[in-house]
Amino acid sequence: MGLIDRALGGSGSVEALGDAAEGLSEVFVPNATRAMELAADIHQATLETAAAEFQYSGSGWFDRLINGLNRLPRPMLALGTLGLFVYAMADPVAFSDRMVGLQEVPEPLWWLLGAIVSFYFGARELHYNRAPRTGQGGAARPRLRERLGGMFRRRNREEPVVLPDNPALSDWRSDE
């Protein structure tokens, strides 16, 4: 190394030459390490922002009220549907008049209602899928796939598929 240093004119010149080469190479190829450091910084800043947003969340009376209101739509939809059946049996003429009125609602409004209901229930499902899954006693609840057993396991492709005997299908095939 001493010979190269002397040939290039001093001890710091080799480092300066290496830094210059590194700087020149970053013009053509970005520094992957620096890109990962910046991505980690952005991720950390995002997490800190989210933590600051939920810093003051609590279980006060307002939070309990809103959580209670969020739990109302599903039972109201179920009980309301059952109520429609009772109403149809109790007063068929009035029920028929109401249903004629519902026929006059424009189709885009039905699509909007479907989107609102879908997003509401989809958001609740997503919330509960992301929340920690604990059952009674703090034990982890099994996920749906585990509760259903081997229903979702892939079958071995070498196993032949055995279909039950279907006389109607056999008769149809023999007619061809």
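Residues numbered from 1 in each chain as written. Predicted model: local features only at pLDDT ≥ 70, side-chain atom pairs only at ≥ 80, totals over all residues. Heavy atoms only, no water.

Engineer: How would you sum up a nonpolar patch on the surface? Please name residues and give values.
Structural biologist: Together, Trp61, Phe62, Leu65, Ile66, Leu69, Leu72 and Met76 give the surface a local cluster of nonpolar side chains, amounting to about 730 Å² of exposed area. By residue number, the principal contributor to the nonpolar patch is helix α4 (residues 61-70), which donates five residues. As for its placement among the helices and strands, Phe62 is situated in helix α4. Judged by its relative accessible area of 48%, Phe62 is partly exposed. (Patch = residues over 30% accessible without salt bridge, like charges linked within 9 Å, V, L, I, M, F, W, Y side chains within 5 Å. Areas by Shrake-Rupley, 256 points an atom, 1.4 Å probe, with all protein chains shown as cover. Salt bridge = Lys/Arg side-chain N within 4 Å of Asp/Glu carboxyl O. Helix = DSSP H or I, 4+ residues; strand = E, 2+ residues; numbered from the N terminus. Buried < 20%, exposed > 50% of the residue type's maximum accessible area, 1.4 Å probe, protein only.)

Engineer: For the confidence of the model for the chain, give the residues involved together with the corresponding values.
Structural biologist: Caution applies to low-pLDDT regions: their predicted coordinates should not be interpreted in detail. Here the chain averages 79 in pLDDT, and 72% of its residues register 70 or above. Across the chain, the secondary-structure element scoring lowest on mean pLDDT is helix α1 (residues 2-8), at 61, and the one scoring highest is helix α6 (residues 92-103), at 93. (pLDDT = per-residue confidence, 0-100.)

Engineer: Pulling in residues and values, what's your account of the packing of aromatic side chains?
Structural biologist: Tallied over the full model, the rule gives three aromatic pairs. Ring geometry for Trp61 and Phe62: centres 6.0 Å apart, planes at 85°, overall edge-to-face. With a relative accessible area of 63%, Trp61 lands in the exposed category. Geometrically, the ring pair formed by Tyr120 and Phe121 is edge-to-face, given 5.0 Å between the ring centres and 75° between the ring planes. Given a relative accessible area of 25%, Phe121 falls into the partly exposed group. (Phe/Tyr/Trp six-rings, centres within 6.5 Å; stacked < 30°, edge-to-face > 60°.)

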